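Notes for the structure review
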Amino acid sequence: MKTALTGIKPTGILHIGNYFGAIKPALRLAERYDARYFIADYHALNSVKNPADLRRAITGITAGWLAAGIDPERVIFYRQSGVPETFELATILAAFTPKGLMNRAHAYKAAVRQNTEKGEDGDAGINMGLFTYPVLMASDILLFDADVVPVGRDQTQHVEMAQDIAGAFNHNYGEELLKIPEAAVEEDVAVVPGLDGRKMSKSYGNTIPLFSTESALRKLIMRTVTNSQCVDEPKDPDGSLIFALYKLFADPGEQTALASRYRAGGMGWGEAKEELFRVANRELSPLRDRYNELVSDPGKLERILSRGTEKARAIASRTIKRLRKATGIE
Ligand code: TRP
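Residues numbered from 1 in each chain as written. Predicted model: local features only at pLDDT ≥ 70, side-chain atom pairs only at ≥ 80, totals over all residues. Heavy atoms only, no water.

**Topic: the overall build of the protein**
Helices and strands together make up the secondary structure of the protein, namely 14 helices and five strands. Here the C-alpha coordinates of the protein stretch approximately 75 × 50 × 35 Å along the principal axes. Within the protein, buried positions represent 47% of all 330 residues. The contacts of the protein with a sequence gap of at least 6 include a subset with a gap of at least 24, amounting to 78%. As displayed, the protein has an accessible area near 16,300 Å², and 52% of this comes from carbon and sulfur atoms. Averaging the coordinates of the 43 positive side-chain charges in the protein and doing the same for the 42 negative ones gives two points 2 Å apart. (Helix = DSSP H or I, 4+ residues; strand = E, 2+ residues; numbered from the N terminus. Buried < 20%, exposed > 50% of the residue type's maximum accessible area, 1.4 Å probe, protein only. Contact = heavy atoms within 4.5 Å. Areas by Shrake-Rupley, 256 points an atom, 1.4 Å probe, with all protein chains shown as cover. Lys, Arg positive; Asp, Glu negative; His and termini not counted. Charge placed at Lys NZ, Arg CZ, Asp CG, Glu CD.)

What follows is the structure in structure tokens.
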């Protein structure tokens, strides 16, 4: 079986955009691949400097992925910081990474652009962790001989950089010591609209949290702005944010049935929102229960992660041994 590997950066809290855009596709992929999914906690340290915030995010994101359905018996689910070989490999790879390659990284360039637009020094507030982020990420990937790396479109450049770095390394030693990974960007992943109609994103503040309480979920949905069409008027489901969200949770039969009711008129926005709440809560309430159970039992969470981390280390130490030999360090 081929290997799929992806990292989950523990920042902020999970929302339904993450659920449909990243978690569900990763769970589907795990059925066909030998999956290795990990909490990229050292990646988060670049931006999260408050220890309580970082700890909370790690617990929340770990519990969230498990609650959403990661099966730690089938997926090697681990924590990056628990695999110190990652950081040794990052040091090795840095020796093969042209600085110019890092200069071209989108995230770094965007940070520099923001600075210069504000009239500040280009490097203001940019730490080396951000600058060398692609090296650490390449290390995550190459350490496990990953065949495919499921990522969002914003991360494909990072995977290409991992290919470049691995290529330079292999070329130097005249041997395929590192497997060249491929990015797997799911084409038909649903774009999840946020509560203001733009793409759901933490930075727009338009998210529906994945694990909000039932009453908070209802309130968020009920407060969503709609147009001023009255109850009797026929409504266009395809132009409706409420319906776009409904489609994510409803089965095809339910979608067709509700679309007809929109078009027929006689259904007001309040009722459309009730329907959305019903299907959303139907899917999310078992997740929410599992999530609450996991966050209230940090010991259990820790045991699951450390079992996965042990399995990951067994693989990682073999890779490092191979590379230490090849480089002449050993
Ligand atoms: N950079 C990814 C993100 O921000 C997270 C990540 C870290 C990752 N290491 C990885 C993804 C390795 C895939 C493979 O979402």
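After presenting the structure, the write-up continues.
**Quick word on the packing of helix α11 (residues 241-249) against helix α13 (residues 269-295)**
Running from N to C, α11 and α13 cross one another at 25 degrees; their axes reach a closest spacing of 9 Å. Taken as axis vectors, α11 and α13 run roughly parallel relative to one another. Judged by the twist between their axes, the crossing of α11 over α13 is left-handed. Contacts between α11 and α13 involve Ile242, Leu245, Tyr246 and Phe249 from the former and Trp269, Ala272, Lys273, Glu275, Leu276, Arg278, Val279, Ala280, Arg282, Glu283 and Leu284 from the latter. By residue class, the composition of the contact of α11 with α13 is 10 nonpolar, no polar and five charged. (Axes fitted to C-alpha atoms, helices over the stretch in contact; angles between N-to-C directions. Parallel < 35°, antiparallel > 145°, perpendicular 65-115°, else oblique. Left-handed = near helix turned anticlockwise from the far one by under 90°. Nonpolar A, V, L, I, M, F, W, Y, C, P; charged D, E, K, R; others polar.)

**Digging into the site of the ligand**
Around the ligand, 14 residues are found, and the nearest of them are Gly7, Tyr133, Met137, Asp140 and Gln155. Tyrosine 133 is positioned with one of its side-chain polar atoms (N or O) 2.6 Å from a nitrogen atom of the ligand. Contacts to the ligand include glutamine 155, whose side-chain N or O atom sits 2.8 Å from a nitrogen atom. About the coverage of the ligand: the protein hides 89% of its 360 Å² of free accessible area. Those elements giving two or more residues to the shell around the ligand turn out to be β1 (3-8) and α8 (133-142). Per-element tally for the shell around the ligand: the top contributor is α8, with four residues. Each residue belonging to the shell around the ligand can be placed in one class, and the counts come to eight nonpolar, four polar and two charged. (Near = heavy atom within 4 Å. Polar contact = N/O pair within 3.5 Å; in protein donor to acceptor, adjacent residues only side chain to side chain.)

**Points about the packing of aromatic side chains**
This model, assessed by the stated rule, comprises 14 aromatic pairs. Ring pairs connect the aromatic residues Phe243, Tyr246, Tyr262 and Trp269, which therefore count as one cluster. When the ring centre of tyrosine 204 is taken as reference, the NZ or CZ atom of arginine 198 above it lies at 4.0 Å. For lysine 235, the ring lying beneath its charged end belongs to tryptophan 269, and the centroid distance is 5.8 Å. (Phe/Tyr/Trp six-rings, centres within 6.5 Å; stacked < 30°, edge-to-face > 60°. Lys NZ or Arg CZ within 6 Å of the ring centre and 35° of its normal.)

**Observations concerning unusual backbone geometry**
When glycine is set aside, most residues are seen to have a negative phi, and most peptide bonds are trans. Look at aspartate 145: it is not a glycine, yet its phi comes out positive at around 50 degrees. Looking at the secondary structure, you find aspartate 145 in the loop between α8 and β4 (148-150).

**Some remarks on the environment of glycine 167**
Summarising the element assignment, glycine 167 is placed in helix α9 (residues 156-173). With relative accessibility at 28%, the residue glycine 167 sits in the partly exposed group. Residues glycine 167 and tyrosine 204 lie 37 residues apart in sequence; the distance between their C-alpha atoms is 38 Å.

**Regarding the nonpolar core**
Within the largest apolar cluster, 61 residues are counted, with the highest numbers of intra-cluster contacts made by Ile16, Tyr37, Trp65, Phe77, Leu210 and Phe249. When residues of this core are assigned to their parent elements, the largest contribution, 10 residues, is made by α13. If near-sequence neighbours (up to four positions away) are discounted, tyrosine 37 is found in contact with Ala4, Thr6, Ile8, Ala26, Leu29, Ala30, Ile70, Val75, Ile76, Phe77 and Tyr78. (Core = buried A, V, L, I, M, F, W, Y, C linked by side-chain atoms within 4.5 Å.)

**A closer look at the pattern of salt bridges**
Under the defined criterion, the tally for this structure stands at 20 salt bridges. Measuring nitrogen to oxygen at the nearest pair gives 3.1 Å for the salt bridge that ties glutamate 85 to arginine 313. Residue glutamate 85 is located in helix α4 (residues 85-94), and its partner arginine 313 is located in helix α14 (residues 298-327); the two are separated by 228 residues in the primary sequence. You can call glutamate 85 buried: its relative accessible area is 9%. Here glutamate 275 ties to arginine 278 by a salt bridge, and the two come within 3.0 Å at their closest N and O atoms. Taken together, the residues span about one helical turn, with glutamate 275 and arginine 278 both in helix α13 at a distance of three residues. Using a relative accessible area of 17% as the deciding quantity, one classes glutamate 275 as buried. Arginine 278 sits in the partly exposed class, given a relative accessible area of 38%. (Salt bridge = Lys/Arg side-chain N within 4 Å of Asp/Glu carboxyl O.)

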